[in-house]
Amino acid sequence: MATVFITGGHSGIGLECSRQLAGRGVNLVLAGRSPDRMREVAEELRARNGVEVAMVALDTSSMASVREAAQTCRAMIERGEIAPLDALICNAGGRFDGPESYSPEGYEMTFATNCLGHFLLVELLLPAMAADGRVIFTASGTHDADSMDGRLIGAAVAPNAVALANDGKNGAKPLSVGKRYATSKLCTVMYAYELARRLEREGSSIASIAYDPGSVTGTGLVRDMPAAVRWVMSTSLPNRLMKLIGVTTSTATFSGAALADLAVDPRYADGTGGYFQAKEGKLSKVASSKVSYDEQLAQTLWHDSEQLVDHS
Ligand SMILES: NC(=O)c1ccc[n+]([C@@H]2O[C@H](COP(=O)([O-])OP(=O)(O)OC[C@H]3O[C@@H](n4cnc5c(N)ncnc54)[C@H](OP(=O)(O)O)[C@@H]3O)[C@@H](O)[C@H]2O)c1
């Protein structure tokens, strides 16, 4: 029986993925910062599917919390409470509307939550993975400034880790919320590709995959937006409108199932280095943005991210 570690597996797309995995007999490690909700989901999955569900406290915006979570998970494996991980799904994330905010270590909240936390988590959990394990990074079509998804939210800027971590500090004009989100997802795609290259060079058979779940309404992603916007987003209208103008649309159920497929389905065993997109009920390997394939930029992003997490 496989074991999958998932961040943010108790809500939205992650919850649908957890349900799919549990339905296929996969044991889960739910990692997140909402213990009550995680407990409810763990109980639901155990009762319905008879699988084992462990829980790990994790706030991806805090490097201290990431270190503690990784340590907890590795100790559970050493004690034989859970098996080595067949997949690590980096799914948690958000957009942070309202004034700029900073993580406990002083990094801009979007970049810390969506990028640095998962970057460090992957580094610390790679030794806890099974030989043919898979790391899946939930990115977003918004990472591509040339796509309608990207244009709508605010085109991603250069994937410069130091600038992004310090965005809006010392009186500098901050990026818009949308640009911060889109750029964090560009960095996510580039982490996935760079990790795939590094693992391949090391002769590792662990896969690293980037994933775009498509635009999915009804999840918690818009939680910081005004109530009226949240209400509109919970109806079917935005999905239909977005589809009409060329945005990549999907549903939480399908995108969660597709994420589960990427994590454990043998059809995606050779998916390393790929970018997969859920769109209208179909999961396909597609091209990501042009800049995301820039290996030099990815190496710099990786190096700078290492420095940022090392100094935290
Ligand atoms: N919905 C879309 O249209 C869409 C499109 C493309 C990509 N995505 C990506 O898909 C992923 C899932 O999003 P969703 O739409 O399913 O939204 P969601 O329902 O809000 O799920 C996000 C999850 O991330 C968790 N999370 C947020 N900040 C965290 C932190 N600091 N530490 C630990 N966990 C944290 C949340 O936990 P709490 O419950 O504790 O807040 C929640 O479980 C995200 O990475 C998102 O960027 C979504």
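Residues numbered from 1 in each chain as written. Predicted model: local features only at pLDDT ≥ 70, side-chain atom pairs only at ≥ 80, totals over all residues. Heavy atoms only, no water.

A. A look at the overall build of the protein. Of regular secondary structure, the protein possesses 11 helices and eight strands. Its C-alpha atoms give the protein a radius of gyration of 18 Å, within 12% of the compact-globule value 20 Å for 312 residues. C-alpha extents for the protein along the principal axes are approximately 50 × 45 × 35 Å. Within the protein, contacts between residues at least 6 apart in sequence are counted, and of these 75% link residues at least 24 apart. (Helix = DSSP H or I, 4+ residues; strand = E, 2+ residues; numbered from the N terminus. Rg over C-alpha atoms; globule rule 2.2 N^0.38 Å. Contact = heavy atoms within 4.5 Å.)

B. How the structure looks around the layout of surface pockets. If you add up the space inside the second largest pocket, you get close to 180 Å³. Forming the boundary of the second largest pocket are Phe119, Val122, Glu123, Leu126, Phe137, Tyr191, Leu195, Arg198, Leu199, Glu202, Trp302 and Glu306. Listed by contribution, the elements that provide at least two residues to the lining of the second largest pocket are α4 (109–125), α7 (177–201) and α11 (295–310). Looking at the lining of the second largest pocket element by element, the count peaks at four residues for α7. (1 Å grid on protein atoms, 1.4 Å probe; cavity = no way out; pocket = protein on both sides within 12 Å on 5 of 7 lines; lining within 4 Å. Points joined across faces, edges and corners; volume = space filled by probe spheres on them.)

C. Expanded view of the packing of helix α1 (residues 12–23) against helix α2 (residues 35–49). Contact pair α1 / α2: the axes reach a minimum separation of 9 Å and the direction vectors enclose 25°. Classified by the angle their axes make, α1 and α2 are roughly parallel. Seen along the crossing, α1 lies across α2 with a hand that is right-handed. Here α1 contributes Leu15, Ser18, Arg19, Ala22 and Gly23 to the contact with α2, which in turn contributes Arg37, Val41, Glu44, Leu45, Arg48 and Asn49. Each residue belonging to the contact of α1 with α2 can be placed in one class, and the counts come to four nonpolar, three polar and four charged. (Axes fitted to C-alpha atoms, helices over the stretch in contact; angles between N-to-C directions. Parallel < 35°, antiparallel > 145°, perpendicular 65-115°, else oblique. Left-handed = near helix turned anticlockwise from the far one by under 90°. Nonpolar A, V, L, I, M, F, W, Y, C, P; charged D, E, K, R; others polar.)

D. View of the nonpolar core. The biggest cluster of nonpolar side chains holds 55 residues, and the ones touching the most others in it are Phe5, Leu85, Phe111, Leu125, Val135 and Tyr191. Per-element accounting of this core gives the leading share, 10 residues, to α7. Excluding residues within four positions of it along the chain, Phe5 makes contact with Val29, Ala31, Val56, Cys73, Leu85, Ala87, Leu88, Ile89, Leu121 and Leu125. (Core = buried A, V, L, I, M, F, W, Y, C linked by side-chain atoms within 4.5 Å. Buried < 20%, exposed > 50% of the residue type's maximum accessible area, 1.4 Å probe, protein only.)

E. Representation of the side chain of Ser61 in the model. Locating Ser61 in the fold gives a position in the loop between β3 (53–57) and α3 (63–78). Take Ser61: its relative accessible area is 5%, and that puts it in the buried class. Among the polar contacts made by the side chain of Ser61, one reaches the side chain of Asp59 at a distance of 2.8 Å. Other than its neighbours up to four places away in sequence, Ser61 contacts Ser103, Pro104, Glu105, Met109, Ala112 and Thr113. (Polar contact = N/O pair within 3.5 Å; in protein donor to acceptor, adjacent residues only side chain to side chain.)

F. Geometry of helix α9 (residues 237–245). Among all positions of α9, only Pro238, Asn239 and Met242 are buried. Buried residues along α9 cover an arc of 100° about the axis, so they all sit on one side. In α9, those exposed residues whose orientation departs by more than 90 degrees from the buried face are Arg240 and Leu244. Where α9 terminates, the next one or two residues include Gly246, which has phi positive at roughly 100°. (Arc of directions from axis to C-beta.)

G. Representation of the pattern of salt bridges. Evaluated as defined, the whole model comprises 16 salt bridges. For the salt bridge of Arg39 with Asp36, the shortest nitrogen-to-oxygen distance reads 3.3 Å. Pair noted here: Arg39 and Asp36 are both in helix α2, with a separation of three residues, about one helical turn. Since its relative accessible area comes to 39%, Arg39 is described here as partly exposed. Between Asp167 and Arg180 there is a salt bridge, with its nearest N and O atoms 3.4 Å apart. In this pair, Asp167 sits in the loop between α6 (161–165) and α7 while Arg180 sits in helix α7, placing the two residues 13 residues apart along the sequence. The residues Asp167 and Arg180 share a single accessibility class, namely buried. In this structure, a network of salt bridges that share partners links the residues Glu16, Arg19, Glu44 and Arg48. (Salt bridge = Lys/Arg side-chain N within 4 Å of Asp/Glu carboxyl O.)

H. Representation of the side chain of Ser65 within the structure. Its place among the elements puts Ser65 in helix α3. By relative accessible area, which is 16% here, Ser65 ends up buried. Those residues in contact with Ser65, other than ones at most four positions away along the chain, are Ala57, Leu58 and Asp59.

I. Structural context of the pairing of strand β1 (residues 3–7). When you tally the buried positions in β1, you get five out of five residues, the bulk of the element. Alternating positions in β1 separate into two faces, Thr3, Phe5 and Thr7 on one and Val4 and Ile6 on the other, with burial throughout. Relative to strand β2 (residues 27–32), β1 runs parallel, the two sharing five bridges. When the sheet's bridge partners are listed, Ile6 is paired in β2 with Leu30. Handedness of the crossover is the feature at issue here: the chain leaves β1, passes through α1, returns alongside β2, and the resulting connection is right-handed. Examined bridge by bridge, β1 and strand β4 (residues 85–90) share three bridges and lie parallel to one another. Residue Val4 lies in a different strand from β4, and its bridge partner there is Ala87. (Pairing = 2+ DSSP bridges. Right-handed = clockwise from strand over helix to strand, strands pointing away.)

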